[in-house]
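Okay, here's what each chain looks like letter by letter:
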Amino acid sequence: MRHKRSKAYRKLMAMYAMSFGFRQPYQVLVDSEMCKTSVSQKMDFLAQVETVLVGTVKLMITQCCIHELYLQGKSQQPAVDLAKTFERRKCNHKEPIPGDECIASVVGETNKHRYVVASQSHPLRVGLRAIPGVPIVHINRAVMILEPASDITMRAKQLAEQDSLGPSSSEKAALHAATPQVEPVKKKKKGPKGPNPLSVKKKVAKPTIQEEKKKPNSSVAAQTTSAEVGGKRKRTGGEDVDGVVENSQPKHKRRRRHKRGSQPAEEPDV
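Nothing here was measured: the structure is a model prediction, and the numbers come from that model.

The rules behind these values
- Residues numbered from 1 in each chain as written.
- Predicted model: local features only at pLDDT ≥ 70, side-chain atom pairs only at ≥ 80, totals over all residues.
- Heavy atoms only, no water.
- Helix = DSSP H or I, 4+ residues; strand = E, 2+ residues; numbered from the N terminus.
- Buried < 20%, exposed > 50% of the residue type's maximum accessible area, 1.4 Å probe, protein only.
- Polar contact = N/O pair within 3.5 Å; in protein donor to acceptor, adjacent residues only side chain to side chain.
- Contact = heavy atoms within 4.5 Å.
- Salt bridge = Lys/Arg side-chain N within 4 Å of Asp/Glu carboxyl O.
- Phe/Tyr/Trp six-rings, centres within 6.5 Å; stacked < 30°, edge-to-face > 60°.
- Pairing = 2+ DSSP bridges.
- Core = buried A, V, L, I, M, F, W, Y, C linked by side-chain atoms within 4.5 Å.

Outline the side chain of S119, listing residues and values.
Tracing the chain through its elements places S119 in the loop between β4 (115-118) and α7 (122-128). According to the relative accessible area criterion, S119 is buried, its value standing at 0%. At 3.1 Å, the side chain of S119 forms a polar contact with the backbone nitrogen of S121. Among residues more than four places away in sequence, those in contact with S119 are D31, M34, L124, R125, V137 and H138.

See below:
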């Protein structure tokens, strides 16, 4: 095997080991067509499988696949002899069924038991590519090949990596219990904004009926206000400035007293 291919196979099996839990010795399910091809190509089947998977393996075959080899007659006796050297895998089928259906039922929908499938059946390999985490081996022109991982297998690998990086279910429960519950902040509804309260004219409260009754007459209040602003009121009739009634007769003027020794000068006769 070339060094470049061997390195790719090593990386691929390391990915299966890390993401899907494969361990040595790898359990390899072999079908009847693979036994016939390996005998016709005169291959050392066990050594080739271990080289491709880069590790120790345990070869297994179901009773239904051996029954298929028996039905093909004595011409396939070398393939039958090779199959008898493998470990029997119980498939729990009371009556023999085709080998492809038997291997598909043993692998299941999730490959719970982590089988590596060695098959020459193309329809079986196409069906197994839809199951995540199933390494597939086949022979192409006397060369054993490990198929690259399918798209479904790569998606399952990415999901497994994300789950391993995040907290486990028990850790999530502990974090949820330790974290205090905080009410979510309500977002303000966006809409038309109101006017600036500083630029809005304040509303004047309308006076009530009782307040209007308490206020004095408006005409009297206006006269009083105009009088206070204009100054003194004009004197009328017999009223004094302070509102005291005065006599209509004029008052006598008070004569000025002269000092002693000074007499008024006589007026000259005309």
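Got a sec to walk through the pattern of salt bridges? Specific residues and values, please.
Evaluation of the coordinates by the stated rule reveals four salt bridges. One salt bridge in this structure joins E147 and R125, with 3.4 Å as the shortest N-O distance. Taken as a pair, E147 in the loop between β6 (143-146) and α8 (151-165) and R125 in helix α7 lie far apart in primary sequence, 22 residues in all. Each of the two residues, E147 as well as R125, counts as buried. In this structure, the salt-bridge partner of E161 is K157, at a minimum N-O distance of 3.7 Å. Placement of the pair is E161 and K157 together in helix α8, with a separation of four residues, close to one helical turn. By sharing partners, the salt bridges in this structure join R125, R129 and E147 into a single network.

Describe in detail the packing of aromatic side chains, supporting the description with residues and values.
Tallied over the entire structure, the rule returns three aromatic pairs. Centroid distance Y16 to F20: 6.1 Å. Interplanar angle 45°. Geometry classified as tilted. Here F20 and Y16 lie together in helix α1 (residues 3-20), a separation of four residues that amounts to about one turn. F20 shares its class with Y16; the two are buried. Where F45 meets F86, the ring centres are 5.9 Å apart and the plane angle is 35°; that geometry is what we call tilted. Placement of F45 in helix α3 (residues 45-53) and of F86 in the loop between α5 (77-84) and β3 (87-89) is noted, with a sequence separation of 41 residues between them. F45 sits in the buried class, given a relative accessible area of 4%.

So, the pairing of strand β1 (residues 26-30): which residues are in play, and what are the values?
Within β1, four of the five residues are buried, leaving the element largely enclosed by the surrounding structure. In this sheet, strand β2 (residues 57-62) lies alongside β1 in parallel orientation, the contact comprising four bridges. Residue pairing in the sheet places Y26 in a bridge with V57 of β2. Sheet topology places β1 next to β4; four bridges connect them, and they run parallel. Bridging from a neighbouring strand, L29 pairs with V117 of β4.

An account of the nonpolar core is requested, with residue identities and associated values reported.
Counting 49 residues, the largest nonpolar core has V28, V30 and L53 as the members making the most contacts within it. In terms of residue count, the dominant contributor to this core is α1 (six residues). Once you skip the residues sitting within four places of it in the chain, V30 turns out to touch C35, F45, L59, M60, I61, C65, F86, I103 and A118.

Interpretation note: all reported values are geometric properties and have no functional meaning in isolation.
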